[in-house]
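# Report on the structure
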Amino acid sequence: GLSFVTEIQAWSTGSAPPPNTPPTVALSAPAAGSVYVAPASVTVSASAGDADGSVAKVEFYAGATKIGEATSAPYQVTWSGVGAGSYSLTAVATDNLGAKTTSTAVGITVNAPSNAAPTVVLTAPAAGSVYAAPASITLAAGAADSDGSVAKVEFFAGTTKIGEVTGA
């Protein structure tokens, strides 16, 4: 009985529970200024805590776009397929009573992949071949691309284009 009365008296006298302290949050990865190559896979992680409760979730953002969330430690997400551009990453921690804190932003850059030139070798006719005019000469080439695919092979007689193929 007495503890119930004491609680009623405390409530009726207007004494309120202490205010909720917001959580703390800081991005721990990636490092500011990190550079990736598209399509990038970026692991974004944060440390978060709450002095007077618990962390309910940590949400991760690239600018205003949410890229994921974690509800328990380690607080991290993998952001996949990131295209070329500059991004400002933040983490938002929410505690068990709904208070939110946003981390300091970390800037990263994702560069477009470099493009290596394809290789090509004329395989026919053989060097030094002799034909009688009017001649019909079959040209053939082998082509490859180490970081993509060959879109077309063009054939020239001097500077004059005489044909092109788009497939092997």
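Structure: above.
Throughout, a residue's number is its position along its own chain's written sequence, starting from 1. Local features in this predicted model are restricted to residues whose pLDDT is 70 or higher, and side-chain atom pairs enter the listing and the counts only when it is 80 or higher, whereas totals over whole chains, interfaces and linings include all residues. Just so you know, side-chain values use all the structure's heavy atoms and leave hydrogens and water out.

### Overview of the layout of surface pockets
If a probe the size of a water molecule is rolled over the atoms, the empty space left behind becomes visible. Under the convention used in this document: Definitions used for this entry: grid spacing 1 Å over protein atoms alone; cavity, a set of points where a 1.4 Å probe fits but cannot get out; pocket, an open set with protein on both sides within 12 Å along at least 5 of 7 lines; lining residue, one with an atom within 4 Å of a point. Grid points are joined across faces, edges and corners, and a volume is the space filled by probe spheres set on the points. A run of DSSP states H or I qualifies as a helix once it reaches four residues; a run of E qualifies as a strand once it reaches two. Both are numbered from the N-terminal end.
Estimates place the volume of the largest pocket at around 210 Å³. Lining the largest pocket are 13 residues, with Ala141, Val153, Val165, Gly167 and Ala168 sitting closest to its centre. Elements with a contribution of two residues or more to the lining of the largest pocket: strand E11 (140-144) and strand E12 (153-157). Here the lining of the largest pocket gets three residues from one element, more than from any other, and that element is E11.

### A look at the sheet that holds strand E1 (residues 24-29)
This is how it is decided: Pairing between strands is defined by DSSP: at least two bridges between the two strands are required. Angles run from 0 to 180 degrees between N-to-C directions of axes, and those axes are lines fitted to C-alpha atoms, restricted for helices to the stretch in contact.
Taken in spatial order, the three strands line up as E1-E3-E6 in an open sheet, and their pairing is antiparallel. The open sheet has two free edges, formed respectively by E1 and strand E6 (75-82), since each of these has just one partner strand. On average, each strand axis in the sheet is tilted by 25° relative to the strand beside it, whichever way the strands run. As paired elements, strand E3 (residues 40-49) and E6 share six bridges and run antiparallel to each other. In the sheet register, Val44 faces E6, and the bridge partner there is Val77.

### Thoughts on the pairing of strand E10 (residues 119-124)
Regular strands have side chains that alternate between both faces of the sheet. Quick note on the threshold: Whether a residue is buried, partly exposed or exposed follows from its accessible area with a 1.4 Å probe, protein chains only, as a fraction of its type maximum: under 20%, in between, or over 50%, in that order.
In terms of burial, E10 is a largely surface element, zero of the six residues being buried. Bridge count for E10 against E11 is five bridges, and the pairing is antiparallel. By the bridge assignment, Ala124 is partnered in E11 with Ala140.

Purely geometric stuff here, so don't read any function into it on its own.
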